[in-house]
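Working through the structure, step by step
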Amino acid sequence: MTGKRSEWDSNLTFILAMIGSAIGLGNIWRFPNVLYSNGGGSFMIPYIVSLFLLGISFVLVEYAVGFKFKTSLAKILYNIHNKLEPVAWFVLTIVFLITTYYICIVGWDLIYLALSFTKAWGSNPDLFFTQSVLHSTDSIRGIFTIVPTILVSIIIIWSVVWAIIRTNLNDGIGKVSRILLPILCIIVVIFVIYSLTLPGSYIGYTQIFNPDWSALANPNVWLAAFGQIVFSLSLGMAIALTYASYLPEGSKLVDNALIVAFSNSGFEVFNSIGIFSVLGFMAMTSGIPFNELVTEGTGLAFVVFPQAFNTMQTGSILGPIFFLCILFAGITSAIALLEGICYSISEKFDFSREKSATIVSIIGLLISTIFATASGSFILGIFDAFLNNFALLFAVLLECIIFGWIYDFDELINTLNENSRIKVGKLWKTVIRFILPICIAGLWIQGIFSSISQEDSATLAIRTILLAAIIVLPIILTKLPAGNEDYYEN
Ligand code: PFF
């Protein structure tokens, strides 16, 4: 047997772990760009509507299901209907593949953290990133060329993550969240306050409060808001479900969900003030128009920000602060992504936490090695577009249908209302059954259209392999016999 079921030592640990899982790269480098490209200040309206109506609603489903069943996603779906187990492995395979490249990006960040003390990226950070760090061929041609620095940093991050998830719940994820999250918040406060003192910061942060009301009439802006909420709250990735299953009886689920969702959104809005201020400073000192500076993802963190640190006297202090922030946010998210996978494997195959953490980490590291080649960033882009815009959204849609339509939804309402001060009711049911699936389908179709445009044969081949993996692996994992008969009992 896998031993006694894990339980959080306090509600605070659960909340910190949940916030840690939500706050990640998406909050730091995705949100500012989404905000800016979708109307600036006025974007807050679709954003808040999506947060309340869709984001929190779905988190509540995950909480209720995890808390009620108190077991892993694979077993929960098997219990709901024995034909549904593949859906669980489908979700978990997608999450696992996302983790393999998420960890690589955290690895890049580790390299930049080391470089930032001396601003070792030199006067051309753009060239430095693609040539000196990634050795990127920007095609499949470099697949057999390993980039040693990246490989080492990926191994370091996987080792750290492995060490955390193999340790028991409270001494591993719990303790790390209790330490890293407060430090992360302090770092961000320092980052934002300092960046506000930079000359030209106002050019940047005023953009956040500068509304373009006409953007509200554009449905894509609403989809972008919803997309950000899905990403930022890590919806449908079985994280909230897994973490909630470790809660003790009597926990206030709705209250907890609201605290986590507000903290996550508060973090990204607050942090974007700092990001925009640095970009405002850059616009003033370099003369480059502000709109050309606002990029997202790696372009923002590893190119534009190093450029800004170059022009700042205090760049070698703010630089490490910034990269440390990404590192901590990335690690607390990566462990959360893996916990749900390890839990399902432990339960199905009757493995100890250590054993499943080790198996998952070794396989994960092997897959991540692809990203440590000269084709790494090219393949990573394909993984990201396929898994995030296409596969994951489809998985969330399936989860909505299963929990909203196949499972007895009123049970979930009772579970949530049992101990919470704030109650949910009919509106929630309507959102999960109708509104959420429609919005997800909208995002999904939009994602498919946007990814059709650039197709070379390598991209198609990688997508086909990914598609095969997310179909075949779940079937194999379902067919493999469970390690103990309890697994098949309700
Ligand atoms: N919510 C986290 C973030 O914003 O980075 C974690 C995460 C979300 C990881 C989505 C991966 C992902 F595809």
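See the structure printed just above.
Report follows, based on the coordinates.

Within the chain, the regular secondary structure consists of 20 helices and zero strands. Taking 23 Å as the expected radius of gyration for a compact globule of 490 residues, we find that the chain reaches 22 Å, a close match to that expectation. Once local pairs closer than 6 in sequence are excluded, the contacts in the chain between residues at least 24 apart make up 86%. For the chain, the accessible surface area stands at approximately 18600 Å², while carbon and sulfur atoms represent 67% of it. Both charge centroids of the chain, one from 23 positive and one from 29 negative side chains, sit 5 Å from each other.

Okay, the packing of aromatic side chains next. Inspection of the entire model under this criterion finds 44 aromatic pairs. Here the aromatic rings of Phe69 and Tyr407 are separated by 5.5 Å at their centres, their planes lie at 55 degrees, and the arrangement is tilted. With Phe69 in helix α3 (residues 44-69) and Tyr407 in the loop between α17 (376-406) and α18 (409-419), this pair connects stretches of sequence that are 338 residues apart. Ring plane angle 50 degrees and centroid distance 5.1 Å describe the contact between Tyr246 and Tyr343, whose orientation is recorded as tilted. In this pair, Tyr246 is assigned in the loop between α11 (239-245) and α12 (253-286) and Tyr343 in helix α15 (residues 315-349), connecting sequence segments 97 residues apart. Tyr343 shares its class with Tyr246; the two are buried. Following the ring pairs from residue to residue traces out a cluster consisting of Trp29, Trp108, Tyr112, Trp121, Phe129, Phe191, Phe302, Phe305, Phe309, Phe322 and Phe323. Positioned above the aromatic ring of Phe231 is the side chain of Arg30, whose terminal nitrogen or guanidinium carbon lies 4.8 Å from the ring centre. The ring of Trp405 has Arg433 lying over it, and the distance from NZ or CZ to the ring centre is 4.3 Å.

Further remarks concern α12. Helical geometry: 3.6 residues make up each α-helical turn, so side chains three or four residues apart lie on a common side. Taking 1.5 Å per residue, 34 residues should reach 50 Å; α12 reaches 49 Å between its end C-alpha atoms and fits that length. Buried residues dominate α12, accounting for 25 of its 34 residues. Following α12 by one or two positions, Gly287 has its phi on the positive side, about 80 degrees.

This brings us to the site of the ligand. In the vicinity of the ligand there are 15 residues, among which Ala22, Leu25, Tyr102, Ser232 and Ser234 approach most closely. Take Ala22: an N or O atom from its main chain is 2.9 Å from a nitrogen atom of the ligand. Within the backbone of Leu25, an N or O atom sits 3.0 Å from an oxygen atom of the ligand. Burial of the ligand by the surrounding chains reaches 99%, relative to a free accessible area of 330 Å². Breaking the shell around the ligand down by element, the ones donating at least two residues are α1 (11-22), α2 (25-37), α5 (85-116), α10 (219-232) and α15. Looking at the shell around the ligand element by element, the count peaks at three residues for α2.

Remark: helix α8 (residues 170-196) packs on α12, axes separated minimally by 8 Å, with the N-to-C direction vectors making an angle of 35 degrees. Judged by the sense of rotation from one axis to the other, the crossing of α8 with α12 is left-handed. Packed against α8, whose contacting residues are Leu184, Val188, Val189, Phe191, Val192, Ser195 and Leu196, the element α12 presents Phe267, Phe270, Asn271, Ile273, Gly274, Ile275, Ser277 and Val278 at the interface. Grouping the amino acids of the contact of α8 with α12 by side-chain chemistry returns 11 nonpolar, four polar and no charged.

This brings us to helix α4 (residues 73-80). With eight of eight residues buried, α4 is to be regarded as a mostly interior element. Among all positions of α4, only Leu73, Ala74, Lys75, Ile76, Leu77, Tyr78, Asn79 and Ile80 are buried. Check the buried side of α4 and you find it contacts α3, α5, α11, α15 and α17.

In terms of nonpolar packing, the biggest core is built from 186 residues, with Tyr63, Leu77, Phe322 and Trp428 touching the most fellow members. Ranked by the residues each element gives to this core, the list is headed by α5, at 23 residues. Those residues in contact with Trp428 that lie beyond four places of it in its chain are Ser57, Leu60, Val61, Phe409, Leu412, Ile413 and Leu416.

Attention now goes to unusual backbone geometry. With the exception of glycine, the majority of residues adopt a negative phi angle, and the majority of peptide bonds are in the trans configuration. Even without being glycine, Asp138 reaches a positive phi, approximately 55 degrees. With a phi close to 65 degrees, Ala238 is a non-glycine residue in the positive phi region. Mapped onto the elements, Ala238 comes out in the loop between α10 and α11. Judged by its relative accessible area of 1%, Ala238 is buried.

Definitions and limits used
- Residues numbered from 1 in each chain as written.
- Predicted model: local features only at pLDDT ≥ 70, side-chain atom pairs only at ≥ 80, totals over all residues.
- Heavy atoms only, no water.
- Helix = DSSP H or I, 4+ residues; strand = E, 2+ residues; numbered from the N terminus.
- Rg over C-alpha atoms; globule rule 2.2 N^0.38 Å.
- Contact = heavy atoms within 4.5 Å.
- Areas by Shrake-Rupley, 256 points an atom, 1.4 Å probe, with all protein chains shown as cover.
- Lys, Arg positive; Asp, Glu negative; His and termini not counted.
- Charge placed at Lys NZ, Arg CZ, Asp CG, Glu CD.
- Phe/Tyr/Trp six-rings, centres within 6.5 Å; stacked < 30°, edge-to-face > 60°.
- Buried < 20%, exposed > 50% of the residue type's maximum accessible area, 1.4 Å probe, protein only.
- Lys NZ or Arg CZ within 6 Å of the ring centre and 35° of its normal.
- Expected span 1.5 Å × (residues − 1).
- Near = heavy atom within 4 Å.
- Polar contact = N/O pair within 3.5 Å; in protein donor to acceptor, adjacent residues only side chain to side chain.
- Axes fitted to C-alpha atoms, helices over the stretch in contact; angles between N-to-C directions.
- Left-handed = near helix turned anticlockwise from the far one by under 90°.
- Nonpolar A, V, L, I, M, F, W, Y, C, P; charged D, E, K, R; others polar.
- Core = buried A, V, L, I, M, F, W, Y, C linked by side-chain atoms within 4.5 Å.

Just geometry here; none of it tells us what the structure is for.
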